[in-house]
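Structural overview for review
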Amino acid sequence: MNAPYSNDLKQSIRTIPDYPKPGILFRDITTLLGDARAFRRAVDELVQPVAGTKIDKVAGIEARGFILGGAVAHQLSAGFVPIRKKGKLPHKTASIAYSLEYGVDEMEVHSDAIHAGERVIIIDDLIATGGTAEGAVKLLKSIGANVVAACFVIDLPDLGGAKKIEALGVPVRTLMTFDGH
Ligand SMILES: O=P(O)(O)OC[C@H]1O[C@H](OP(=O)(O)OP(=O)(O)O)[C@H](O)[C@@H]1O
Ligand SMILES: Nc1ncnc2[nH]cnc12
């Protein structure tokens, strides 16, 4: 199901040891974003599995999912829905607590961001434990979304996140994997 990726794309990711906590290998996409060809290629590959299908909205997860998700939404001629950290959205929200590889947090979405039954894809840069993406799936479903896919540039398969999301009935697409974490 996952798209083949070029070594070039994988090589455009920078790894920072012990950030933000000791023991974490942080996979930094700013180097991919700063490389025009890699950025375009990543967006094209994220779009490719759903191109030609009806996608009403792209939901991007703060913060790195905003950069990729905005570009994907534009390419699909879909709307964009921000899923934000607690306290940042001005109107009525739905919220959910979640845990991720290096912490716990709470995310929110505007309650009226989705019309019932709209077909939505989730975009983020990376899936690790899947806690963040699981929260996003549950949050979007709670406001009426039909979540048809969750798409990430990077999968850390040792942490099991992609399997967690597939178990919720949402297909997962990723462009590359990094073993270890
Ligand atoms: O699969 P998980 O273990 O849940 O981790 C993945 C999440 O962690 C990172 O975001 P982070 O919370 O660091 O936020 P940021 O994009 O604002 O830096 C990443 O962009 C994903 O959203
Ligand atoms: N290892 C990692 N690198 C970058 N972002 C992350 N989010 C969760 N785990 C991460």
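Since this is a predicted model, take the numbers as computed values, not measurements.

Calculation notes
Residues numbered from 1 in each chain as written. Chains lettered and ligands numbered in written order. Predicted model: local features only at pLDDT ≥ 70, side-chain atom pairs only at ≥ 80, totals over all residues. Heavy atoms only, no water. Near = heavy atom within 4 Å. Polar contact = N/O pair within 3.5 Å; in protein donor to acceptor, adjacent residues only side chain to side chain. Areas by Shrake-Rupley, 256 points an atom, 1.4 Å probe, with all protein chains shown as cover. Nonpolar A, V, L, I, M, F, W, Y, C, P; charged D, E, K, R; others polar. Helix = DSSP H or I, 4+ residues; strand = E, 2+ residues; numbered from the N terminus. Buried < 20%, exposed > 50% of the residue type's maximum accessible area, 1.4 Å probe, protein only. Contact = heavy atoms within 4.5 Å. Pairing = 2+ DSSP bridges. pLDDT = per-residue confidence, 0-100. Axes fitted to C-alpha atoms, helices over the stretch in contact; angles between N-to-C directions. Salt bridge = Lys/Arg side-chain N within 4 Å of Asp/Glu carboxyl O.

Some points on the site of ligand 2
- Around ligand 2 sit Ile-24, Leu-25, Phe-26, Arg-27, Arg-64, Glu-101, Tyr-102, Leu-126, Ala-128 and Leu-156, and those are all the residues in its vicinity.
- Taking Arg-64, its side chain carries an N or O atom lying 3.1 Å from a nitrogen atom of ligand 2.
- Between ligand 2 and Tyr-102 there is a distance of 3.3 Å, counted from a nitrogen atom to a side-chain nitrogen or oxygen.
- Out of a free accessible area of 260 Å², ligand 2 has 95% covered by protein chains.
- The class makeup of the residues in the shell around ligand 2 is seven nonpolar, no polar and three charged.

Focus: the side chain of Thr-132
- Within the secondary structure layout, Thr-132 lies in helix H5 (residues 131–142).
- Using a relative accessible area of 18% as the deciding quantity, one classes Thr-132 as buried.
- Aside from chain neighbours lying at most four places away, what touches Thr-132 is Ile-61, Tyr-98, Ser-99, Leu-100, Met-107 and Asp-124.

Considering the pairing of strand E9 (residues 172–177)
- The buried fraction of E9 amounts to five of the six residues, a majority that puts the element mostly inside the structure.
- Of the strand pairs in this sheet, strand E8 (residues 146–155) and E9 are connected by five bridges, and their pairing is parallel. Looking across to E9, one finds that Asp-155 is bridged to Thr-177.

So, the site of ligand 1
- If you check the shell around ligand 1, you find 16 residues, and the closest are Tyr-102, Asp-124, Asp-125, Thr-129 and Thr-132.
- Ala-63 has a polar backbone atom sitting 3.0 Å from an oxygen atom of ligand 1.
- Gly-131 places a polar main-chain atom, nitrogen or oxygen, 3.4 Å from an oxygen atom of ligand 1.
- Protein coverage of the free-state accessible area of ligand 1, which is 510 Å², stands at 87%.
- Taken together, the elements giving at least two residues each to the shell around ligand 1 come down to strand E7 (119–127) and H5.
- Here the shell around ligand 1 gets four residues from one element, more than from any other, and that element is E7.

Remarks on the confidence of the model for the protein chain
- Put simply, the protein chain has an average pLDDT of 95, and 96% of its residues get 70 or more.
- For this predicted complex, the interface score ipTM comes out at 0.98, while the overall pTM is 0.96.

Topic: the sheet that holds strand E5 (residues 93–100)
- Taken together, seven strands build an open sheet; the order of strands is E5-E6-E4-E3-E7-E8-E9 and the sheet is mixed. The open sheet is flanked by E5 and E9, the only strands paired with a single partner. Within this sheet the neighbouring strands show an average axis-to-axis angle of 20 degrees, counted without direction.
- Here five bridges tie strand E3 (residues 57–61) to strand E4 (residues 79–85), and the two strands are oriented parallel to one another.

Notes on the pattern of salt bridges
- By the definition in use, this model includes nine salt bridges.
- The salt bridge involving Lys-54 is made with Asp-56; its shortest N-O contact spans 2.6 Å.
- A salt bridge links Lys-57 to Glu-118; the nearest nitrogen and oxygen atoms lie 2.7 Å apart. Remark: Glu-118 occurs in the loop between strand E6 (103–110) and E7 and Lys-57 occurs in strand E3; sequence separation between them is 61 residues. A single burial state applies to Lys-57 and to Glu-118, both of which are buried.

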